Amino acid sequence: MKYLDEYRDGDLTRKLLDEINQTVTRPWKIMEVCGGQTHSIIKSGLDQLLPPEIDLIHGPGCPVCVTPLELIDKAIALASRPEIIFTSYGDMLRVPGSERDLFSVKAEGGDVRIVYSPLDALKIASQNPDKTIVFFGIGFETTAPANAMAVMQAKNQAIENFAMLVSHVTVPSALTALMESPDVQVNAFLAAGHVCTVMGYWEYEQLVEKYQVPIVVMGFEPVDIARALLMCVQQLEDGRAEVENAYARSVVQGGNLPAQDIINQVFERTDRAWRGIGVIPQSGYRLQKAYADFDAELRFPEIQTIAPQEPSVCISGLILQGLKKPNECSAFGKQCTPQNPLGATMVSSEGACAAYYQYGRYAIHLGENEMTQ
Amino acid sequence: MKDQLNISNWTCPLPLQNYPTIVMGHGSGGKMMSDLIHHMFLPLLGNEALNQLGDAAVLELDQYPTRVAFSTDSFVVNPLIFPGGNIGELAVYGTVNDLAMTGAQPLFLSAGFILEEGLPMETLGEITTAFSAACQTANVLVVTGDTKVVNKGHGDGLYINTTGIGLIPAEVAIAPENAQAGDVVIVSGTVGDHGMAIMSVREGLEFETRIVSDTSPLHELVETMLAASLDIHCLRDATRGGVAAALNELAKSSQLGITFEEAKIPLRPAVKAACEMLGMDPLYVANEGKLVAIVKSQVAEEVLAAMHSHPLGRDAVLIGQVVSDHPGMVLAKTGIGGSRVVALPVGELLPRIC
Amino acid sequence: MCLGIPGKVVEIYQANDMKMGKVDFGGVIKEACLEFLPDIQVGEYTIIHVGFGISQLDEEEAQRTLEMLREMEMLADELPELDQGLQV
């Protein structure tokens, strides 16, 4: 596939990794913000090819991982109602709520359907006028314009049986929170290429200035990742702190203006809770008043009282902030496994805990082998 | 053969024409059910054993050696008719392939049809025609059968269960636990075709593509491989869970490790593109006509050459090795020289947005 | 967080007052909303996320980046001794 395969070239990636090897002199903690990048790093095995000085921390940029338990429980409550067809991106179905996941709701007779695009949910709404179609509007700024368009279309086409359960979060506010936290010691950030495709990277310039931490906008293929890492390490070793763009084929400084426009027309800023982290002020979107008719929480006000407590044993919040490694959790690999996850970082294939679980098994085995030899 | 599976070739004799769909009466055990059997199933599937319509088939086995392979599988695919095939041929080839993975020659099938009230008779005709053609292709006889009808809303149109019996030549010794360190791992062809063909027509995910299901019977390919060498230690039909599940099951049964090179996995460009688009790993996508073989390394060349001579093994590739390291675990070497654990899939394959 | 795949726009049309199109991902064609890409033309590449084009891919920039990286590779290849020496 054009513009994909070229950036998976093994020789080019190894060349860049060699460069990193030759540039790095000291230990650095670098956070890749986006879960899609984590996925790609693990799938390509790039993490094992890095010099030991570089400690990659898997950041909070996975909508599956950060969607709060409360929203999952609300989704489950809505999906269980006979008059509702609940539609969602595939990622969310396996995320555990307090008691069960959306798969279990489906098994109990709930009409839960996976869609590829929010416009598909709208299509289901026009085909099923006697049902209410609720779409689980999760995601970061990349997904927000698509979800906003679905709501706007619902209004324009008067598709009244459509509503959205909104759980949108934004990246810069989370990064600010991480930088503000005295416990977090991340030396540099690899910014999420597709969030920046929509939003640009101008917001990061003031962050870099204020906190003196390098931020490099990164793509998703091994060559993109190795290149961004190299740029990041070069900045750190030189003692520079700048915003650099290593994904210029998709990202421009100002971002995609029509996409930002529709976000601003449909959504407004609000405080949002991040699973395991807590409420971050002004870190998310909700529907504006003009679109209140399409807000699932207003249309079904009885779900507003759902406010579960997160399981105390799960430390996914600390993991998402890079403060703890998954294997430092007492439940890791015991009560909490990919088959029976306690927290979302174990559910999502790019969740830090799930990744550690798979690789940890191998690493432990290697360790044993070394010991016996 | 597939070209012949056209509904226009199938004529529905009276009195079934009175019922354009399945009704509860077709499962009643009475005249209507008898009509369905005599006018639909027997003309398409009948033979000496089945035509007796006894409570059980009586089979003469004197002419065969004694080891019997016995396997059952139920088919619940949605949609019933998909690009490249339908549930009818899937139900035949699925069980034929399960038998073939023991090295058996498949001989007899049972067929249980669970029909949902309201199923168009024409659809049943098309599917049974495909079922019949698949039996001929795979050279198996349906010797016993059952028909049930369930209320509207209690089935996805049609479920089929098939159980198969095959006979294993005395000299063949294929079993999941037979793998040995040093053996090589072979995949018989492109992976993920069936799963992606189904995805392409699934509600909410539809996309335009020429991807078709690879549904086909593998027993002849296995026969060809065994003719080349008897040092074939394990065979696995890479159906649900894809090649990843097949390799994991083999690693687990043998308590050995498996390593393979990801770049060597044969993949059609369109299947790769569809997987990228939906965020799926082709290693986990279902196949219905692909096998994974573990073979003694000394005979790898001969076995591969034999596979290449058969149309269903044309794209066969040696992808990796069985190792004594990391028992029970499958490792992929990635295109950039890294490695990762290829775990058993947890649940249903889902498209992801992130 | 956001799966985005490059594809080539092969058809553009209006539907429900939205700019829609068909996008070819190496042999697989999927409908996508191109409303956020007012300038995109048939034959150009976009990155698709959940059925929406989010960027018009800068093909010149993509080419430049690759050439730059490959040149870097050639430079290193010309100095094989040095390269090996550093690894030891």
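This one's a predicted model, so the numbers in the text were calculated from it and none came from an experiment.

## Here's the deal with the overall build of chain C
Across its full length, chain C carries two helices and five strands. In sequence order, the secondary structure elements of chain C are arranged as β-β-β-β-β-α-α. Counting all 88 residues of chain C, 47% fall into the buried class. Taking the intrachain contacts of chain C between residues at least 6 apart in sequence as the baseline, contacts between residues at least 24 apart amount to 27%. Summed over its atoms, the accessible surface of chain C is roughly 4,400 Å², and 49% of this surface lies on carbon and sulfur atoms.

## Section: the side chain of Asn128 of chain A
Residues and elements named next belong to chain A. Mapped onto the elements, Asn128 comes out in the loop between α6 (118-127) and β5 (132-139). Among the polar contacts listed, one links the side chain of Asn128 to the backbone oxygen of Ile124, at a separation of 2.8 Å. With residues up to four places along the chain from it excluded, the contact list for Asn128 reads Ile85, Arg113, Ile133 and Asn161.

## A short note on the pairing of strand β4 (residues 105-116) of chain B
Residue and element names in this part refer to chain B. Among the twelve residues of β4, ten are classified as buried, and the element is accordingly described as predominantly covered. In this sheet, strand β6 (residues 158-167) lies alongside β4 in antiparallel orientation, the contact comprising ten bridges. Bridge assignment links Phe113 to a residue of β6, and that residue is Ile160. Alignment of β4 against strand β5 (residues 141-150), held across nine bridges, turns out to be parallel.

## Topic: the environment of Pro282 of chain B
Within the secondary structure, Pro282 of chain B sits in the loop between α8 (269-278) and β10 (291-295). Setting aside anything within four residues of it in sequence, one finds Pro282 of chain B in contact with Val191, Leu267 and Cys275 of chain B.

## So, the pairing of strand β6 (residues 162-169) of chain A
Residue and element names in this part refer to chain A. Burial analysis of β6 places eight of its eight residues in the buried class, the great majority of the element. Neither face of β6 is exposed, since Phe162, Met164, Val166 and His168 on one face and Ala163, Leu165, Ser167 and Val169 on the opposite face are all buried. Alignment of β5 against β6, held across seven bridges, turns out to be parallel. Looking across to β6, one finds that Gly139 is bridged to His168. Where β6 and strand β11 (residues 278-287) come together, two bridges link them in antiparallel fashion. Residue His168 lies in a different strand from β11, and its bridge partner there is Tyr285.

## Looking at helix α4 (residues 121-138) of chain B
Residue and element names in this part refer to chain B. Its 18 residues give α4 an end-to-end C-alpha distance of 25 Å, which sits within 8% of 26 Å, the value for a rise of 1.5 Å per residue. α4 sits mainly inside the fold: 14 of its 18 residues count as buried. The first or second residue beyond α4 is Asn139, which carries a positive phi of 60°.

## Overview of the sheet that holds strand β4 (residues 111-114) of chain A
Strand-to-strand pairing in sheets goes through backbone hydrogen bonds, with the strands running parallel or antiparallel. Residue and element names in this part refer to chain A. Strand order in the open sheet formed by six strands is β4-β3-β5-β6-β11-β10, with mixed pairing between adjacent strands. Taken across any chain shown, the strands that pair with only one partner, and hence form the sheet edges, are β4 and β10 (267-274). Between one strand and the next, the sheet's axes are offset by a mean angle of 25°, whatever the strand orientation. The strands touched by α6 are β3 (84-88), β4, β5 and β6; relative to β5, the strand with the most contacts, the crossing angle is about 170°.

## Some remarks on unusual backbone geometry
Cis rather than trans, the peptide bond between Asn78 of chain B and Pro79 of chain B has omega equal to 5°. Of note, Pro79 of chain B is situated in the loop between β1 (68-75) and β2 (81-82). Located in the positive-phi region is Tyr3 of chain A, a residue other than glycine, with phi close to 65°. Here Tyr3 of chain A lies in the segment before α1 (10-23). By relative accessible area, Tyr3 of chain A is classed as buried at 3%. In this structure, Ala158 of chain A takes a positive phi of about 55° despite not being glycine.

## Structural notes on the environment of Thr128 of chain B
Its place among the elements puts Thr128 of chain B in helix α4. Ignoring any residue separated from it by four or fewer positions in sequence, one finds Thr128 of chain B in contact with Met40, Phe41, Leu44, Leu45 and Phe113 of chain B.

## Points about the domain arrangement of chain A
All names here are of chain A. Annotation of chain A at the domain level lists domain 1 (1-310) and domain 2 (316-372). Using C-alpha coordinates to define each centre, domain 1 is positioned 22 Å away from domain 2. Across the contact, 26 residues belong to domain 1 and 20 residues belong to domain 2. Between domain 1 and domain 2, the buried area comes to about 1,800 Å², and carbon and sulfur atoms account for 66% of it. The largest contributions to the domain 1 side of the interface with domain 2 come from Ile42, His58 and Cys65, which together make up 25% of the buried area. Between the two partners, domain 1 and domain 2, sit one salt bridge. The closest approach of N and O atoms between Asp55 and Lys325, which form a salt bridge, is 3.0 Å. The interface formed by domain 1 and domain 2 holds one residue pair in polar contact (both at pLDDT 80 or more) in total. Among the secondary structure elements, those contributing two or more residues to the side of domain 1 that touches domain 2 are α2 (35-44), β2 (54-61) and α3 (63-66). The element best represented in the side of domain 1 that touches domain 2 is β2, accounting for six residues.

## Digging into the pattern of salt bridges
Opposite charge on two side chains lets them pair, provided their charged atoms get close. Following the criterion strictly, the structure yields 29 salt bridges over all chains and no others. Taken together, the shared-partner salt bridges in this structure form one network comprising Asp193, Asp214, Arg268 and Lys290 of chain B.

## A few points about the interface of chain B and chain A
Every contact between the two is made by 32 residues of chain B and, on the other side, 44 residues of chain A. Surface buried jointly by chain B and chain A totals about 3,100 Å² across both partners, of which 60% is contributed by carbon and sulfur atoms. Interface area lost by chain B to chain A is led by Ile336, Ile353 and Cys354 of chain B, which between them contribute 23%. Put simply, chain B and chain A have two salt bridges between them. In this structure, Lys272 of chain B and Asp5 of chain A form a salt bridge, with 2.3 Å as the shortest nitrogen-oxygen distance. Along the contact surface separating chain B from chain A lie eight residue pairs in polar contact (both at pLDDT 80 or more). When residues in the side of chain B that touches chain A are grouped by element, the largest group, five residues, is from α8 of chain B. When the residues that make up the side of chain B that touches chain A are grouped by side-chain class, the tally is 15 nonpolar, eight polar and nine charged.

## Considering the interface of chain A and chain C
With 49 residues of chain A in contact, the opposing surface of chain C contributes 42 residues. The contact between chain A and chain C buries some 3,800 Å² in all, and 69% of this surface belongs to carbon and sulfur atoms. The largest share of the area that chain A buries against chain C comes from Tyr3, Lys15 and Tyr116 of chain A, three residues that together contribute 18% of it. On the surface where chain A and chain C come into contact, there are zero salt bridges. Inspection of the chain A/chain C interface yields ten residue pairs in polar contact (both at pLDDT 80 or more). Elements represented by at least two residues in the side of chain A that touches chain C include exactly α1, β1 (28-34), α2, α6, α7 (144-156), α9 (193-199), α11 (222-238) and α12 (257-266) of chain A.

## Some points on α12 of chain A
Helical periodicity: at 3.6 residues per turn, an α-helix aligns residues three or four positions apart in one direction. Residues and elements named next belong to chain A. Among all positions in α12, only Ala259, Gln260, Ile262, Ile263 and Val266 are buried. Burial along α12 is one-sided: seen end-on, the buried residues are contained in an arc of 160°. Every exposed residue of α12 that faces more than 90 degrees away from the buried side is listed here: Leu257 and Asn264. For α12, the secondary structure elements touched by its buried residues are α7, α9, β10 and β11. N-cap assignment for α12: the residue whose side-chain oxygen lies 3.1 Å from the backbone N of Ala259 is Asn256.

Here is what the cut-offs are and how they apply
- Residues numbered from 1 in each chain as written.
- Chains lettered and ligands numbered in written order.
- Predicted model: local features only at pLDDT ≥ 70, side-chain atom pairs only at ≥ 80, totals over all residues.
- Heavy atoms only, no water.
- Helix = DSSP H or I, 4+ residues; strand = E, 2+ residues; numbered from the N terminus.
- Buried < 20%, exposed > 50% of the residue type's maximum accessible area, 1.4 Å probe, protein only.
- Contact = heavy atoms within 4.5 Å.
- Areas by Shrake-Rupley, 256 points an atom, 1.4 Å probe, with all protein chains shown as cover.
- Polar contact = N/O pair within 3.5 Å; in protein donor to acceptor, adjacent residues only side chain to side chain.
- Pairing = 2+ DSSP bridges.
- Expected span 1.5 Å × (residues − 1).
- Axes fitted to C-alpha atoms, helices over the stretch in contact; angles between N-to-C directions.
- Domains from an automatic or database assignment.
- Buried area = accessible area lost by both parts, 1.4 Å probe.
- Salt bridge = Lys/Arg side-chain N within 4 Å of Asp/Glu carboxyl O.
- Nonpolar A, V, L, I, M, F, W, Y, C, P; charged D, E, K, R; others polar.
- Arc of directions from axis to C-beta.

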